[in-house]
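Descriptive analysis of the structure
Listed below, chain by chain, are the residues.
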Amino acid sequence: MILVTGATGNIGRALARELDDRGEKSRLLVRDPARAAGLPPSDRAELVVGDLGDPDTLAPALSGVDRLFLLTQGIGTDHTTTAVAAARAAGVRHLVHLSSAHVLLDPVPAMGRWHHEREQIIRASGIPATFLRPGGFMTNALDWLPTIHEGGYVLDPVGPGRYAPIDPADIAAVAAHVLTGHEEEGEEYVLTGDETFTVAEQVRIISETVGRTIEVRATTTPDEIVRFRFPHGAPPALAAAVTEGFALMRADTVGFGTDTVERLLGRRPRTFADWCARHADAFRRPATV
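Report on the accompanying structure. Predicted model, so just to flag it, every value in this text is computed and none were measured.

Further remarks concern the overall build of the chain. Helices and strands together make up the secondary structure of the chain, namely twelve helices and nine strands. A compact globule built from 289 residues should have a C-alpha radius of gyration of about 19 Å, and the chain, at 19 Å, falls within 12% of that. Overall, the C-alpha framework of the chain stretches about 50 × 45 × 35 Å when taken along its three principal axes. Buried residues in the chain amount to 50% of all 289 residues. Here the contacts in the chain between residues at least 6 apart in sequence split such that 76% fall between residues at least 24 apart. Within the structure as shown, the chain displays about 13,300 Å² of accessible surface, and the carbon and sulfur contribution to it stands at 51%. Of the side-chain charges in the chain, 29 are positive and 38 negative, and the distance between the mean point of each set is 3 Å.

Here you go:
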């Protein structure tokens, strides 16, 4: 039995489908059952309500589970500590953790330090673990929707900086591959797409996909940089980490990428153009009444 945390998120939903397609029994942990619409309606996938911040909900969720996909969001390590303790008590035999490529930077930025600390907690637990370290997600482009719909523009805090965004569906495919025993435990996999982009180049692809002009507005002010990633704001520590992260991205004018997805799955990663085509409706102008 595999427990999937973050089951209503972009990666969790795709992972639930991947496991169901492989005939694997899974348990999908959700905090809000109302958000579970669209998860695999299968007798192999069991929905369970729980919260990584509430140990009392984790023991029943982990009962009978031997493999765990652990995704913890935000800042700090409390949820990781709680989840790992519960997993160890339940006898979990393999933990696949969603970390971040930020842990590899030198010096390690704040975002990377949180992920590094989570990895250390998992290693100290003694549970055999595999670490997935993706770079930026293609779905982060959905954070641009408020300014696209309200003003037809995207704020650009990275200018000449390049990166190789990955489709969360590819992260899920790698996670399913690892969870179902196709790779050695204890590995660390850095996951990216195989095309590098500036923000302006991504916006151009979105524009071509939906047939509308979208302006790119350069910005370097801290408030607007945070707004690029979190349109509704972020706690101070997270806001500072985001600002730091984008400064590092601006400095990388080559773009870091790996061939890990192709090596593990035997196919190239999905392209940003393909991702845009699948999400085109989100970027089109909202209907007016």
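Now, onward.
For the rest of this paragraph, the subject is the nonpolar core. Counting 31 residues, the largest nonpolar core has Val4, Ile11, Leu15, Phe69, Leu98, Leu132 and Leu191 as its most contacted members. Those elements giving two or more residues to this core turn out to be strand S1 (2-4), helix H1 (10-21), strand S2 (26-30), strand S5 (94-98), helix H6 (168-179), strand S8 (188-191) and helix H10 (260-265). When neighbours within four sequence positions are excluded, Leu191 is seen to be in contact with Leu132, Arg133, Pro134, Gly135, Ile166, Ile171, Val174, Thr258, Thr260 and Val261.

All right, on to the pattern of salt bridges then. Think of it this way: side chains of opposite charge can pair up when their charged atoms draw near. What the rule picks out here adds up to 18 salt bridges. A salt bridge links Glu46 to Arg27, with the nearest nitrogen and oxygen atoms 3.2 Å apart. Linking Glu46 in strand S3 (residues 45-49) with Arg27 in strand S2, this pair joins segments that are 19 residues apart in sequence. With relative accessibility at 10%, the residue Arg27 sits in the buried group. Two residues, Arg284 and Asp281, come together in a salt bridge whose shortest N-O distance is 2.5 Å. Given the relative accessible area of 35%, Arg284 is considered partly exposed. Among the charged side chains, a network of salt bridges with common partners joins Glu24, Asp66, Arg67 and Arg93.

This part covers the packing of aromatic side chains. A complete count under the given rule lists three aromatic pairs for this structure. Measuring from ring centre to ring centre gives 5.7 Å for Phe197 and Phe272, while their planes differ by 50°; the resulting arrangement is tilted. Taken as a pair, Phe197 in the loop between S8 and helix H7 (199-210) and Phe272 in helix H11 (residues 272-278) lie far apart in primary sequence, 75 residues in all. For the residue pair Phe197 and Phe272, the accessibility class agrees, reading buried in each case. For the pair Phe272 and Trp275, a centre-to-centre distance of 5.7 Å together with 15° between the ring planes defines the contact as stacked. With Phe272 and Trp275 both in helix H11, this residue pair falls three residues apart, about one helical turn. In this structure Trp275 comes out as buried when scored by relative accessible area, which is 0%. Taken together, the ring pairs connect Phe197, Phe272, Trp275 and Phe283 into an aromatic cluster. Lying over the aromatic face of Tyr153, Arg217 brings its terminal NZ or CZ to 3.7 Å of the ring centre.

Okay, the side chain of Thr139 next. Turning to its location among the elements, Thr139 is positioned in the loop between strand S6 (129-134) and helix H5 (145-151). Leave out the neighbours within four places in its chain, and Thr139 touches Asn10, Pro168 and Trp275.

This part takes up the environment of Glu18. Position of Glu18 among the secondary structure elements: in helix H1. The spatial distance from the C-alpha of Glu18 to the C-alpha of Ala173 is 6.5 Å, given a sequence separation of 155 residues. Beyond its immediate chain neighbours, meaning those up to four positions away, Glu18 contacts Ala169, Ala172, Ala173 and Ala176.

Position of Ser125 among the secondary structure elements: in helix H4 (residues 110-125). Ser125 sits 19 residues away from Asp106 along the chain, and the two C-alpha atoms are 26 Å apart. Excluding anything up to four places from it in sequence, Ser125 contacts Val84 and Arg88. A distance of 2.6 Å separates a polar side-chain atom of Ser125 from the backbone oxygen of Ile122.

Turning next to the sheet that holds strand S4 (residues 67-70). Taken in spatial order, the seven strands line up as S3-S2-S1-S4-S5-S6-S8 in an open sheet, and their pairing is parallel. With partners counted over all chains shown, the strands left at the sheet margins are S3 and S8, one partner each. In this sheet, neighbouring strand axes are inclined to one another by 20° on average, regardless of whether the strands run parallel or antiparallel. Along the sheet face, H4 touches S4, S5, S6 and S8 and points at about 170° away from the line of S6. This element, H6, spans S1, S4, S5, S6 and S8 of the sheet and lies at about 170° to S6.

Rules used throughout
- Residues numbered from 1 in each chain as written.
- Predicted model: local features only at pLDDT ≥ 70, side-chain atom pairs only at ≥ 80, totals over all residues.
- Heavy atoms only, no water.
- Helix = DSSP H or I, 4+ residues; strand = E, 2+ residues; numbered from the N terminus.
- Rg over C-alpha atoms; globule rule 2.2 N^0.38 Å.
- Buried < 20%, exposed > 50% of the residue type's maximum accessible area, 1.4 Å probe, protein only.
- Contact = heavy atoms within 4.5 Å.
- Areas by Shrake-Rupley, 256 points an atom, 1.4 Å probe, with all protein chains shown as cover.
- Lys, Arg positive; Asp, Glu negative; His and termini not counted.
- Charge placed at Lys NZ, Arg CZ, Asp CG, Glu CD.
- Core = buried A, V, L, I, M, F, W, Y, C linked by side-chain atoms within 4.5 Å.
- Salt bridge = Lys/Arg side-chain N within 4 Å of Asp/Glu carboxyl O.
- Phe/Tyr/Trp six-rings, centres within 6.5 Å; stacked < 30°, edge-to-face > 60°.
- Lys NZ or Arg CZ within 6 Å of the ring centre and 35° of its normal.
- Polar contact = N/O pair within 3.5 Å; in protein donor to acceptor, adjacent residues only side chain to side chain.
- Pairing = 2+ DSSP bridges.
- Axes fitted to C-alpha atoms, helices over the stretch in contact; angles between N-to-C directions.

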